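Structural description and commentary
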Amino acid sequence: MKTEEFREHAHSVSNWMADYLATIESRPVRARTHPGEILAALPRAAPEEGEAMTEILADFDRVIMPGITHWQHPRFFAYFPANSSPPSVLAEMLTAAVAAQGMLWETSPAINELETRMMEWLRDLLGLPATFRGCIQDSGSSSNLAALMAARERATAGRACREGLAGHAPLAVYTSAEAHSSIEKAAKLAGIGGAMVRKIATDSDQAMRPDLLRAAIASDRAAGIVPCAIVSCIGATGLGSVDPLAAIGQIAARESIYLHVDAAWAGAAMLLPEQRHHLIGIDHVDSFAFNPHKWLFTNFDCSVLWLRDPEALAHALSVNPAYLLSPEGAAMPEYRDWGVPLARRFRSLKLWFVMRSYGADRLRQMIQQHIDWTNRLAEMIRATPDFEIVAGPRFALLAFRFRPGGLDDAQVDVATEHLLQQINADGRTYLTRTLLDGRPVIRFSIGQTNTEWHHVQEGWEAVCDLARRQRNDSGAALAEQGQGDRS
Ligand code: PLP
């Protein structure tokens, strides 16, 4: 493609982007295609001859866009947000154009050094210890894996990376029953074993019970199992619960066990000084993971991991073939040794654009607003008959159940599941479920960049409207059944 042709298409793509974001609200939030529909619209083989970009772009609209769920829709309240923002998108455009690869300091010093500074900016904005140093990982799962690798090295006195785990006493990882699946996956990948993850039961706030943690550690030690790591959550995925870091930190310190914090989503809330009470106990923490790509207006992918002693991890993971030797790099941290990939994307650019463009104050305001709106939504739900809040609000998440009068628990569960299906088929908003004590509940998670209070209200009105229809339909079905019984 010639430069002028590229310029023309780049202009039309940027116009498309601006139009998309300006009109996103007119689209249903969730993709409405059926399984296999997009696949069937795609040719079975790659073209032999190159095709015109105008045709490719037209097919992007025609074939691909119907299969997109609009995560940047202001009425997207599913999962956790993966919010983005115009400054972040601009940075991603530049990253794509520059297409530099930061595997070593010398392959792009700016990638390495901007990342170093951004990790310091973020660390200080979150109020984390000044001794923490970190780098950007692609995902929260990778951050958690790198943390468990560091823990494993400590627990085996550096033996695991060198010789493997054969012949070593089994290792165990302790986390809450509410912890994200990536902890168990990381234990599998690190050779610790999924079955060696102790999912400690939680209290009525879905937070890890320190007494049960202590008991699990004692029982493992008695059986010759080596405690390797404790993973404490701030904002667990299902219901946003927070483990008691102060108590867990004391246990980790007393038992000399590596302590990692997974704050993938709620880490963003630590920008607010009034939320920092969740960090009491941080003095005993060895590493801390957080995903700006969830709730900090930064495009996926961008997860950050800080460690108290990154050199220990780097030393364990370091492999230095001749083609990677770089004398200048010795003066700077080589982040390839702080995680899995060698090749590294220029992810710090979008953090730089976001933090500079909004400024810390505006970032705090936006996160505070999401939290405030979640509290206001909770009041609205409490005032709506036939609904009950079952968890939260925690940060910007709550969970509720549809409980029309006269139903028993099993019927409530069916009604709640049915309502969720109706909500997601309807398209005005998008919500997802989890289980609380084995029973389905609907989560409402606020955090998209362009969400305003009226979007939250509209989302809730859609829920109420569909609940009303469901009640009318089931009333009619009962009446019909009654008639049938009499005839
Ligand atoms: N930890 C928590 C608490 C999460 O909620 C998630 C994802 O939702 C992860 C880790 C994994 O993050 P990622 O999807 O970036 O791998």
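Refer to the structure presented above.
Residues numbered from 1 in each chain as written. Predicted model: local features only at pLDDT ≥ 70, side-chain atom pairs only at ≥ 80, totals over all residues. Heavy atoms only, no water.

1. A short note on helix α9 (residues 210-222)
Rule in force here: Secondary structure counts use DSSP, requiring at least four H or I residues in a row for a helix and at least two E residues in a row for a strand, with both numbered from the N terminus. Multiplying 1.5 Å by the residue count of a helix minus one yields the expected span of that helix. For every residue, the accessible area (1.4 Å probe, protein chains only) is compared with the maximum for its type, and the residue is labelled buried under 20%, exposed over 50%, or partly exposed between those bounds. Comment: arc refers to directions from the helix axis out to C-beta atoms. The contact criterion used is simple: two residues touch if any of their non-hydrogen atoms lie within 4.5 Å.
In this model, α9 (13 residues) spans 18 Å end to end at C-alpha, consistent with the 18 Å of a helix rising 1.5 Å per residue. Of all the positions in α9, only Pro210, Leu213, Ala216, Ile217 and Asp220 are classed as buried. Projected down its long axis, α9 shows its buried positions confined to an angular sector of 120°, all on one face. On its buried face, α9 is in contact with β2 (171-176), β3 (197-200), β4 (226-233) and α10 (245-255).

2. Quick look at the pairing of strand β5 (residues 258-262)
For clarity, the threshold we go by: DSSP calls a pair of strands paired once it identifies at least 2 bridges connecting them. By convention a crossover is right-handed if, when the strands point away from the viewer, the path from the first strand over the helix to the second runs clockwise.
Of all five residues in β5, five are buried; the element is thus mostly enclosed. Here β5 shows a buried face lined by Tyr258, His260 and Asp262 and a second buried face lined by Leu259 and Val261. In the sheet, β4 pairs with β5 via five bridges, with the strands oriented parallel. From the neighbouring strand, serine 232 faces β5, where its bridge partner is valine 261. Chirality of the crossover, the property in question, places the unit of β4, α10 and β5 among those that are right-handed. Where β5 meets strand β6 (residues 287-290), three bridges bridge the pair, whose relative direction is parallel. Its bridge partner being in β6, histidine 260 is matched across the sheet by serine 287.

3. Quick notes on the packing of α9 against α10
Cut-off, in case you're wondering: Inter-axis angles, ranging from 0 to 180 degrees, are taken between N-to-C directions of lines fitted to C-alpha atoms, where helices are fitted over the stretch in contact. Roughly parallel refers to an angle under 35 degrees, roughly antiparallel to one over 145, roughly perpendicular to one between 65 and 115, and oblique to any angle outside these ranges. Crossing handedness is defined as follows: a turn of the near helix away from the far one that is anticlockwise and smaller than a right angle gives a left-handed crossing, while the clockwise case is right-handed. Amino acids are sorted into nonpolar (Ala, Val, Leu, Ile, Met, Phe, Trp, Tyr, Cys and Pro), charged (Asp, Glu, Lys and Arg) and polar (every other residue, Gly among them).
Relative to each other, α9 and α10 sit at 20°, their axes nearing to 10 Å. For the element pair α9 / α10, the angle class is roughly parallel. Judged by the sense of rotation from one axis to the other, the crossing of α9 with α10 is right-handed. Along its contact with α9, which presents Pro210, Leu213, Arg214, Ile217 and Arg221, the element α10 presents Ala247, Ile248, Ile251, Arg254 and Glu255. A class-by-class count of the residues in the contact of α9 with α10 yields six nonpolar, no polar and four charged.

The quantities given are spatial measurements derived from coordinates; they are silent on function.
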